[in-house]
Amino acid sequence: MVKEIEKAGFPIVQMANLVPVAKTVGANKIVPTISIPYPLGDPNTSKEEQWKLRYHRVGVALDALATHIDEQTVFEVKF
Amino acid sequence: MKKAILYINQFFAGIGGEEKADHAPEIREGLVGPSLALDAALKNAEVTHTVICGDNFMGSNQDEAVERILKFLEGKEFDIFFAGPSFQAGRYGNACGVICKAVKEKFGVPVISSMHIENPGVNMFKKEVVIFPGGRSAAAMRKDTKKMAAYGDKVLAGEKIETAEEEGFYVRGIRHQVVDFTLEPAAVRGVKMLLKKLAGEEYVTELPIPKSDRVEIAEPVQDLSTAKIAFVTTGGIVPVANPDRIQSASATRWGMYDISEMARLEAGIFKTIHAGYDPAAADADPNVCVPLDALRAYETEGKIGSIDSHFYTTVGTGTTEAEAARMAQEMLPFLREHNVDAVIMTST
Amino acid sequence: MKLELGNFYVKDVKFGDITAYANGILTINKDEALAYVMEDEHITEADIVIARPGENKRIIPVKDAVEPRCRVNGNSVFPGVTGGMTPAGNGRTHALKNTSVLAVGKHWGSFGDGLIDMSGKGAELTYFSRTINVCLVADTDEEFERFEQQKKNKALRWGAMRLSEYLGNAVRELEPEEIETFELESVMKRDAKIKELPAVVYVMQPQSQMEESGYNDLLYGWDTNRMVPTFMNPNEILDGAIISGSFMPCSSKWSTYDMQNCPTIKELYKEHGKTINFLGVIMSNLNVAMEQKERSAIFVAQMAKSLGADGAILAEEGYGNPDADFIACFDALEDVGVKTVGITNECTGRDGQSQPLVVLSEKANAIVSCGNVSQLVDLPPMDIVIGELAALGRDGLSGGWEGDDKLGPSVRKDGSVILENNSMFCGDQVLGWSQKTMKEF
């Protein structure tokens, strides 16, 4: 789906846990998430920690949308 | 009698479904679930142990899972290692590939698995692991297991392994030259191939060009502060009534839902219908899957211009590439109509 | 243009008092032959050794192979190279078949040299295990390149060509056992029935990788690096207009013998008038700089289009960066509507896992694959070595090495060898003999 949307000219970033899968299926911009059932917020942590993580990674994704890349890129997250 | 060990996930071990996907790795002596069928199908070996691990445990803690499992295997006598069959299950296929590769590297034994052609594990691991084409679902369990066993028997008996085409496993991208004096000379093969191509007839190229997986990188957003961002998700987040009756697996339908007045996605208003993962966390807080609350914060701060009035959703598990591509294509006119500048896709 | 190749089928070669051919036997007056060769002062010592199919002999380092021929009108066989500038491809040329002259280094090998085994497993990997080889084994005074990996090997290669003419002259006055006729009417003046058939061009990409003169394939004596693609009559290729160079890693190499006998041209001729209208040859090249590759592709596609080609066969003398030329021409031809089939070899690495061509394109959807330069080949010792076996490991041949952590040296103490298919002499036979292909394992 990412490829179809990008083919149409929309900059797109994929947030996913299994980064190697995302790479293989061909997304160009990838931001890792922490797990499958809760990509952006571990329910075993406090609400504050979950928010911090989610806010940070969505920020990385937004910056990725505005970043020029020459090849498939996995963007780094701090936490 | 040679010895074999099989790796399976928590579901096929009978431990549980999604809610048990975090099951820590363990090894059991003897046969569990699919190892019964594998043991019955194998002529040249017996399955002595079954390794079990939750798909999420492997997915989220790969290094630890692998380390623990390799430790279980140390000191065990085994000549061959199997994993799966994993059908179309992406996490399970990934797990099978990961553990097979690690076992092969550490113990040097042949490693064999089985996956449906659309399982992402195929392209990821086919080079290191011999993977047999498998069915979409557990209905193919017997058939898929038999294929793995038949090849395993051949390898254990030291028989000559022929080409991928002849043996039946996925083409691995491992190419070697073959001298064959029954072949026509290249000049003849070339002219014949050209005549077929000119006539529009089918021919078989001797060097299949692997399909390019990447699409051209779209121009980045020039100015985030004026950009309109939309969410697309394959995590199956829908209004609790699931008004568009999106399927929980192998989806062919998708939906778009109004979030223009919402600061966040509220539990009880939205939920997930995705059958492929434990829904508890997403039901309790849908923002962990579609992070509307975080995006609203950026909108308020001015980092982005605005958020699309709707988000777009379907379910990824079991959904074919063809259907997924179609659904994405159907979303495009709306993205254009809404003047969306960029998209964040969240997947599970 | 009409070329008549008058063929004489050699059954055996031996030494005797007079250089002559009779009843299938080629007799060579060795002293006279060597005297002729050594008219070139650069050759300091030389010998001629015969190697026959089935014999327990290994020949290395082989620099080129040349079919012994002569022109009945007395012109040189290789215009602009061994003699005056005269057009090739028209008239009568006599050829000694089943025989090849080989240029063999007495001591020194170079990057593009190769190995021939006349029997056993190795014999399967080269065409020249089937020919009676008249090996010119010589040393030269070319000190400037004595220890260079890249050698022009000029004296030896010219020596082999001259020797081949000397031998070919033995049948100049004789009546051929068979005459092969190659004739194409001018492109515009073919009859209506032929014009209805799909028009096909053969696009050849000979090796032209070196910037300095002396290494590249020569066209009427002109360096193929210093040209843009041009249109040629296929007879010219069959009749000595192009000779092999001294650079190409050997299994990818088109020896002069391969060019004189180009199987793809012969196959296209066979189909001409039946299933195709064979327009002719577009002679391109394989220069290194990207811009030059792109320029050649422009010329190739334009000529094919302007000539009205419906289809093309594209052949590349090389692997690695030449794959870029191969794919560039493939794409360019397909883009102007010329349906193309490529003939090439691959380089998939010793583990078979590497990308087969360095550049790939979905438009290159019809390829005949001739072999793998990387394939590891392990061969037993042979009773007799013509040349010097040590050259394989010592002199930088593309498929040999001095020592390898896992595999040891290419040349073992007992005379057995391990090498990459890369150094099997013209082993991938891309000009059309190849009965190898690539399979997935």
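Residues numbered from 1 in each chain as written. Chains lettered and ligands numbered in written order. Predicted model: local features only at pLDDT ≥ 70, side-chain atom pairs only at ≥ 80, totals over all residues. Heavy atoms only, no water.

### Topic: the overall build of chain A
Our working rule: Secondary structure elements are taken from DSSP: a helix is a run of H or I of four residues or more, a strand is a run of E of two residues or more, and numbering for both begins at the N terminus. Note on classification: 1.4 Å probe, protein chains only; a residue is buried when its accessible area is under 20% of the maximum for its type, exposed when over 50%, partly exposed between these limits. In what follows, residue pairs with any heavy atoms lying within 4.5 Å of each other are defined as contacts. To be clear on the numbers: accessible area is Shrake-Rupley with a 1.4 Å probe, and residue cover counts the displayed protein chains and nothing else.
Along its length, chain A carries three helices and three strands. Element order for chain A, N to C, with α for helix and β for strand: α-β-α-β-α-β. In terms of its C-alpha atoms, chain A occupies a principal-axis envelope of roughly 40 × 25 × 20 Å. Within the span of chain A, comprising 79 residues, buried residues form 59% of the whole. Put simply, 42% of the contacts in chain A that link residues at least 6 apart link residues at least 24 apart. Here chain A displays about 3,300 Å² of accessible surface, and carbon together with sulfur accounts for 52% of that area.

### Focus on the overall build of chain C
To be explicit about the condition: What the globule rule says is 2.2 Å times the number of residues to the power 0.38, and the radius of gyration is computed from C-alpha atoms. The sign given to each residue is positive for Lys and Arg and negative for Asp and Glu; His and the chain ends receive no count. One atom stands in for each charge, and that atom is NZ of Lys, CZ of Arg, CG of Asp or CD of Glu.
Regarding its fold elements, chain C presents nine helices and 25 strands. Relative to its length of 441 residues, chain C is compact, with a C-alpha radius of gyration of 21 Å against a globular reference of 22 Å. Projected onto its principal axes, the C-alpha positions of chain C cover 55 × 55 × 40 Å. Buried positions account for 64% of the 441 residues belonging to chain C. At a minimum sequence separation of 6, the contacts of chain C that also span at least 24 residues come to 80%. Element-wise, carbon and sulfur atoms account for 51% of the exposed surface of chain C, whose accessible area totals about 15,100 Å². Of the side-chain charges in chain C, 43 are positive and 65 negative, and the distance between the mean point of each set is 3 Å.

### Some thoughts on the pattern of salt bridges
All names here are of chain B. So the rule is basically this: Definition used for salt bridges: Asp or Glu carboxyl oxygen within 4 Å of a side-chain nitrogen of Lys or Arg.
Summed over the entire model, instances satisfying the criterion amount to 50 salt bridges over all chains. Arg28 is the partner of Glu26 in a salt bridge, and the nearest nitrogen-oxygen pair spans 2.9 Å. Across the pair Asp293 and Arg264 runs a salt bridge whose closest N-O atoms are separated by 3.5 Å. Of this pair, Asp293 sits in helix H10 (residues 292-301) while Arg264 sits in the loop between strand E10 (255-258) and strand E11 (270-272), and the two are 29 residues apart along the sequence. By relative accessible area, Arg264 is classed as partly exposed at 28%.

### Here's the deal with the interface of chain B and chain C
Threshold: Counted as a polar contact is a pair of N or O atoms within 3.5 Å, where, for protein atoms, one must be capable of donating a hydrogen and the other of accepting one, and residues adjacent in sequence contribute only when both atoms are in side chains. Note on residue categories: nonpolar means Ala, Val, Leu, Ile, Met, Phe, Trp, Tyr, Cys or Pro, charged means Asp, Glu, Lys or Arg, and polar means any other residue, Gly included. Strand pairing is defined by DSSP finding a minimum of two bridges between the two strands.
Contacts between chain B and chain C engage 39 residues on the former and 56 residues on the latter. Remark: the boundary between chain B and chain C carries three salt bridges. Here Lys197(B) and Glu334(C) are joined by a salt bridge, their closest N and O atoms 2.7 Å apart. Connecting chain B to chain C are 33 residue pairs in polar contact (both at pLDDT 80 or more). Put simply, the parts of the chain that give the side of chain B that touches chain C at least two residues each are helix H7 (164-167), strand E7 (175-179) and helix H8 (186-198) of chain B. Examining the composition of the side of chain B that touches chain C, we find that 11 residues originate from one element, H8(B), more than from any other. The class makeup of the residues in the side of chain B that touches chain C is 21 nonpolar, seven polar and 11 charged. Looking at chain direction, E7(B) and strand E25 (residues 436-440) of chain C are connected through five bridges and run antiparallel. Counted as the bridge partner of His176(B) is Lys439(C) from E25(C).

### With respect to the packing of aromatic side chains
Residues and elements named next belong to chain B. As a reminder of what qualifies: Only Phe, Tyr and Trp rings take part, Trp by its six-membered ring, and two of them pair if their centres are within 6.5 Å. Stacked means planes under 30 degrees apart, edge-to-face means over 60, and tilted covers everything else.
Across all of its chains, the model carries 27 aromatic pairs over all chains by this definition. On the basis of an interplanar angle of 35 degrees and a centroid distance of 6.5 Å, the ring pair of Trp254 and Tyr312 is categorised as tilted. Of this pair, Trp254 sits in the loop between strand E9 (237-239) and E10 while Tyr312 sits in strand E13 (residues 310-313), and the two are 58 residues apart along the sequence. The two residues Trp254 and Tyr312 agree in class, both being buried.

### So, the confidence of the model for chain A
Rules: For every residue, the predictor reports its confidence as pLDDT, a number between 0 and 100.
Put simply, chain A has an average pLDDT of 92, and 100% of its residues get 70 or more. Mean pLDDT across the elements of chain A bottoms out in helix H2 (residues 19-25) of chain A (74) and peaks in helix H3 (residues 47-65) of chain A (97).

### Side note on the interface of chain A and chain B
Just so we agree on the cut-off: By buried area we mean how much accessible surface two parts lose on assembly, using a 1.4 Å probe and totalling the loss over both.
Between chain A and chain B, the residue contacts involve 54 residues of the former and 58 residues of the latter. Between chain A and chain B, a total of about 4,600 Å² is buried, with carbon and sulfur atoms accounting for 68% of that surface. It is Met1(A), Phe10(A) and Ile36(A) in chain A that bury the most area against chain B; as a group they hold 16% of the surface buried on that side. The interface formed by chain A and chain B contains four salt bridges. A salt bridge links Asp285(B) to Lys47(A); its shortest N-O distance comes to 3.8 Å. Our count for the contact surface shared by chain A and chain B stands at 16 residue pairs in polar contact (both at pLDDT 80 or more).

### A few points about the sheet that holds strand E7 (residues 69-71) of chain C
All names here are of chain C. As a reminder, the rule being used: The angle between two axes is taken between their N-to-C directions and runs from 0 to 180 degrees, where each axis is a line fitted to C-alpha atoms and a helix contributes only its stretch in contact.
Pairing is mixed in the open sheet, where four strands are placed in the order E7-E8-E1-E12. The open sheet is flanked by E7 and strand E12 (178-183), the only strands paired with a single partner. Averaged over all pairs of adjacent strands, the angle between their axes in this sheet comes to 20 degrees, without regard to strand direction. Pairing of E7 with strand E8 (residues 91-97) involves three bridges; the strand directions are antiparallel. Opposite Arg69, over in E8, you have Ala95 as the bridge partner. Each of E7 and E8 touches helix H2 (residues 154-168); the most contacted strand, E7, lies at about 70 degrees to it.

### Thoughts on the sheet that holds strand E5 (residues 111-115) of chain B
Residue and element names in this part refer to chain B. Here we have six strands laid out as an open sheet, ordered E2-E3-E1-E4-E5-E6, and mixed in their pairing. Strands with a single pairing partner mark the edges of an open sheet, and in this sheet they are strand E2 (26-29) and strand E6 (130-133). Strand-to-strand twist in this sheet, taken as the mean axis angle between neighbours without regard to direction, amounts to 25 degrees. Across four bridges, the pairing between E2 and strand E3 (residues 45-53) is antiparallel. Paired with Arg28 across the bridge in E3 is Thr50. Against the sheet, helix H1 (residues 34-41) touches strand E1 (2-9), E3 and strand E4 (80-83), its axis set at about 160 degrees to E3. Docked against the sheet, helix H3 (residues 62-73) engages E1, E2, E3 and E4, running at close to 150 degrees with respect to E3.

### Observations regarding the state of the cysteines
By definition, a disulfide links the sulfur atoms of two cysteine residues through a covalent bond. Using the following cut-off: Disulfide: a pair of cysteine sulfur atoms within 2.5 Å of each other.
If you walk through the whole model with that rule in mind, you get zero disulfides over all chains. The thiol of Cys96(B) is unpaired, and the distance to the nearest cysteine sulfur, on Cys100(B), comes to 6.3 Å.

### Description of the side chain of Gln205(C)
All names here are of chain C. Following the sequence through the fold, Gln205 ends up in strand E13 (residues 199-205). Here Asp325 takes part through its backbone oxygen, which lies 3.2 Å from a polar atom of the side chain of Gln205. Not counting residues within four places of it along the chain, the set of residues in contact with Gln205 comprises Trp254, Ser284, Asn285, Leu286, Leu314, Ala315, Glu316, Glu317, Asp325, Phe326 and Cys329.

### Considering helix H4 (residues 90-107) of chain B
Convention followed: In a helix, the anticipated span is given by 1.5 Å times the number of residues less one.
Given a rise of 1.5 Å per residue, 18 residues ought to cover 26 Å, and the 25 Å separating the end C-alpha atoms of H4(B) matches this to within 8%. Against the buried residues of H4(B) lie E1, helix H2 (55-60), H3, E4, E5 and helix H5 (121-125) of chain B.

### Some details on the nonpolar core
Here is the rule we go by: Buried Ala, Val, Leu, Ile, Met, Phe, Trp, Tyr and Cys residues form a nonpolar core when they are joined through side-chain atoms within 4.5 Å.
One finds Leu62(A), Tyr7(B), Met58(B), Phe81(B), Ile229(B) and Ile344(B) to be the most contacted residues of the largest nonpolar core, which totals 122 residues. With eight residues, H4(B) is the largest single contributor of residues to this core. Of all hydrophobic cores here, the second largest spans 39 residues; its members include Leu219(C), Met227(C), Ile265(C) and Val341(C).

### Looking at the side chain of Gln375(C)
For Gln375(C), the position within the fold is in the loop between strand E21 (367-372) and strand E22 (376-379). At 3.3 Å, the side chain of Gln375(C) forms a polar contact with the side chain of His176(B). Here the side chain of Gln375(C) touches Asn372(C) through a polar contact of 3.0 Å, side chain to side chain. Once residues within four sequence positions are removed from consideration, Gln375(C) is found in contact with His176(B), Gln177(B), Leu419(C), Glu420(C) and Asn421(C).

### Considering the environment of Gly93(B)
Residue and element names in this part refer to chain B. Along the chain, Gly93 turns up in helix H4. Its relative accessible area of 0% is what places Gly93 among the buried residues. C-alpha of Gly93 to C-alpha of Ala249: the two residues are 156 residues apart in sequence and 17 Å apart in space. Setting aside residues no more than four positions away along its own chain, Gly93 makes contact with Ser86, Met115, Asn119 and Gly121.

### Looking at the environment of Arg253(B)
All names here are of chain B. If you trace the backbone, Arg253 turns up in the loop between E9 and E10. As a C-alpha pair, Arg253 and Ala324 span 71 residues in sequence and 9.2 Å in three-dimensional space. Not counting the four nearest positions on each side in its chain, Arg253 is found in contact with Asp244, Arg245, Ile246, Gln247, Thr314 and Met327.

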